[in-house]
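Each chain, letter by letter, is given below.
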Amino acid sequence: MRKINFKLLLLLFIAQPWVQSQVEKKVSDRPNIVFIMSDDHAVSAVSAYKEWLAKIAPTPNIDRIAENGMLMTRTFNTNSICGPSRASILTGKYSHVNGFFKNEKGGDFDGTQMTFPKLFQASGYETAVIGKWHLGTTPTGFDYSKVMINWGGQGTYFNPVFLVNGKDTIVERQRHSTAQVAHDAINWLENKRDKKKPFMLMYQFKAPHRPWQPDAEFNSLFTTGDLPHPKNFNDNYSGRRAAKEQWMEIENHMNRRDLKIDPPDGLSKYELNEYYAFGNQGQFWTPNDTLQGDDLKNWKYQRYIKDYLRCVAGVDKAVGQMLDYLDENDMSDNTIVVYTSDQGFYLGEHGWFDKRWMYEESFRMPFLISYPKLIKPKSLNSNLILNIDFAPTLLDLASIDIPIEMQGQSFLPLLKSNSKRSRDAVYYHYYEYPKWHKVQPHYGIRTHRYKLIHFYYNMDEWELYDLENDPNEMNNLYGKLSYERIIKKLKKKLKKLQVKYKDDMSIDEMRKMTDMVVERIYNEENLNTR
Ligand code: SGN
Ligand code: CA
């Protein structure tokens, strides 16, 4: 028989209340997470970044997060398109590893794989996802989910259809989608969760995604005069073949739905769709014959940018409501608030709308984070961060083990101190082609100063940019003799990253990924809505 150690027993007995309180402290100390993500929100349309739209279209509420915490200025995604970016955020892995690399004919997200919400849930957190999801399959790892499923999973601005907990479908007719998602998020916090547990809430807006339909209350914004154009609004794409061949020009590829042109009466459903989609593939049209050339381009731009920014104003208001709720309920100190977008967007830069490219406007994501216990107010950080870092960072902040299979890395040290440095380069890979905007598949590397891109699908074109001297990426330096040494170094680094992230397949294999057709199992028409 083993001897009883009375001394140890006595010690444990005396220490018990202390041990108990430590356990309790740990539970109540675990931070809550509010992860807010919009869709296609460009960095330049978040005024905290003080870029060219900051004064014209301020976002005072989103900016509050940076005032209370940190603004990260160099956050990038690994594949600049909706589903793939979301899948990377959930898994902490590149698209080719988590299996969701394109929206079109790329199948559904494999929800059986490890995701960060699952790890939060397993460690005692109450978890929820509300709003845009766009991954096909029903969310996994959440105690509560209410996600938009109509319009191919995009959701709509009006009368959005939601799937609740993978079972019930409901059409929300009362509110604009932004207001609905905001309402549901606060409603979950207030009435639906288990308040004894810490929580991890992801709530994700459809706005400001195409077709940019704001809530009526924001129609009074920007009614007088024209908004300015970005610097490279008129780009002739010289020296950039891939950029020349796309279908995302404001001048040539906006359709009648984008521009809010009323259809004639009496069209069938099919005809109506045709009517609205007219313009997508470069078909010329003008709302009246006297409007042509630069004036027509500017007219389209004004319609677009104003509606886009009105949608942003809706998101900003919604974020303000959440921050107020946390303040009023004494939850701000112990809650990590993140604001980001699945990727950036072109607001007329290069003459474009949409995203997908590794050029800065779509490659960058806004990323603002507050956590008063750890992050100093008004901090600014320009380290190179990736969307695959979000999962490990949030886990780290909640003291949950980070699985080694995650490819991203926690940037918790950067949140504590501005002097810490992270990686010196980031790697990117985009696959979807030709839908929707004929953006050539490409991969590339970005350091603090340079960017090297390879467009490989049905061309073999390299581009090099010096971001310090050419922040708008207009001047392709690839092939210039004086840059040979830099190109060589970047190519070496690029190869190293491809090996590190296990993306070192042949160009032919990469092309096959673009060509792969994986039909969706999920079919919204089979769902009964009420
Ligand atoms: C829709 C849009 C495209 C957009 C894709 C992907 N067309 O198909 O312009 O690029 O979504 O966007 S629309 O006429 O249906 O609006 S993503 O955010 O889901 O990746
Ligand atoms: Ca998006």
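Look above for the structure.
A few points on the structure.

Calculation criteria
Residues numbered from 1 in each chain as written. Chains lettered and ligands numbered in written order. Predicted model: local features only at pLDDT ≥ 70, side-chain atom pairs only at ≥ 80, totals over all residues. Heavy atoms only, no water. Buried < 20%, exposed > 50% of the residue type's maximum accessible area, 1.4 Å probe, protein only. Helix = DSSP H or I, 4+ residues; strand = E, 2+ residues; numbered from the N terminus. Arc of directions from axis to C-beta. Contact = heavy atoms within 4.5 Å. Pairing = 2+ DSSP bridges. Axes fitted to C-alpha atoms, helices over the stretch in contact; angles between N-to-C directions. Donors = N, O, S within 2.8 Å, 3.2 Å for Na, K, Ca; no water. Phe/Tyr/Trp six-rings, centres within 6.5 Å; stacked < 30°, edge-to-face > 60°. Lys NZ or Arg CZ within 6 Å of the ring centre and 35° of its normal.

Points about helix α15 (residues 507–515)
Taken together, the buried positions of α15 are occupied by Met-510, Met-513 and Thr-514. Viewed along the axis of α15, the buried residues span an arc of 100 degrees, placing them on a single side of the element. Here the buried face of α15 lies against α4 (95–98), β13 (425–430), β14 (442–447) and α14 (484–500).

Brief notes about the sheet that holds strand β4 (residues 126–131)
Whenever strands of a sheet pair, they do so through backbone hydrogen bonds, lying parallel or antiparallel. Read from one edge of the open sheet, ten strands run β7-β6-β5-β4-β8-β1-β9-β10-β2-β11, paired in mixed fashion. At either margin of the open sheet sits one strand with a lone partner, and together these are β7 (168–171) and β11 (379–381). Neighbouring strand axes in the sheet, compared pairwise and without regard to direction, differ in orientation by 15 degrees on average. Pairing of strand β2 (residues 70–72) with strand β10 (residues 367–370) involves three bridges; the strand directions are antiparallel. Within β10, the position partnered with Met-70 by the bridge is Ile-369.

A few points about the coordination of the calcium ion (ligand 2)
Distances from the calcium ion (ligand 2) to its protein donors, Asp-39 (OD), Asp-40 (OD), Asp-342 (OD), Asp-342 (OD) and Gln-343 (NE2), fall within 2.1 to 2.8 Å. In the primary sequence, the donor residues of the calcium ion (ligand 2) line up as D-D-x301-D-Q. Placement of Asp-39 in the loop between β1 (32–38) and α2 (60–68) and of Asp-342 in the loop between β9 (335–341) and α11 (360–363) is noted, with a sequence separation of 303 residues between them. On the basis of relative accessibility, which here comes to 0%, the residue Asp-342 falls in the buried class.

Things to note about the packing of aromatic side chains
With the rule as written, the count across this model stands at 34 aromatic pairs. For the ring pair Tyr-203 and Phe-205, a centre distance of 5.4 Å and an interplane angle of 75 degrees mean the geometry is edge-to-face. Residue Phe-205 is classed as buried on the basis of its relative accessible area of 0%. Over the ring of Trp-462 we find Lys-491; its NZ or CZ atom is 4.2 Å from the centre of that ring.

Comments concerning the environment of Leu-326
By the secondary structure assignment, Leu-326 is in helix α10 (residues 293–328). Look at Leu-326 and you get buried, because its relative accessible area is 1%. Separated by 137 residues in the primary sequence, Leu-326 and Leu-189 have C-alpha atoms spaced 9.6 Å apart. Dropping the residues within four chain positions of it, Leu-326 is found in contact with Val-34, Leu-189, Met-331, Ser-332, Thr-335 and Val-337.

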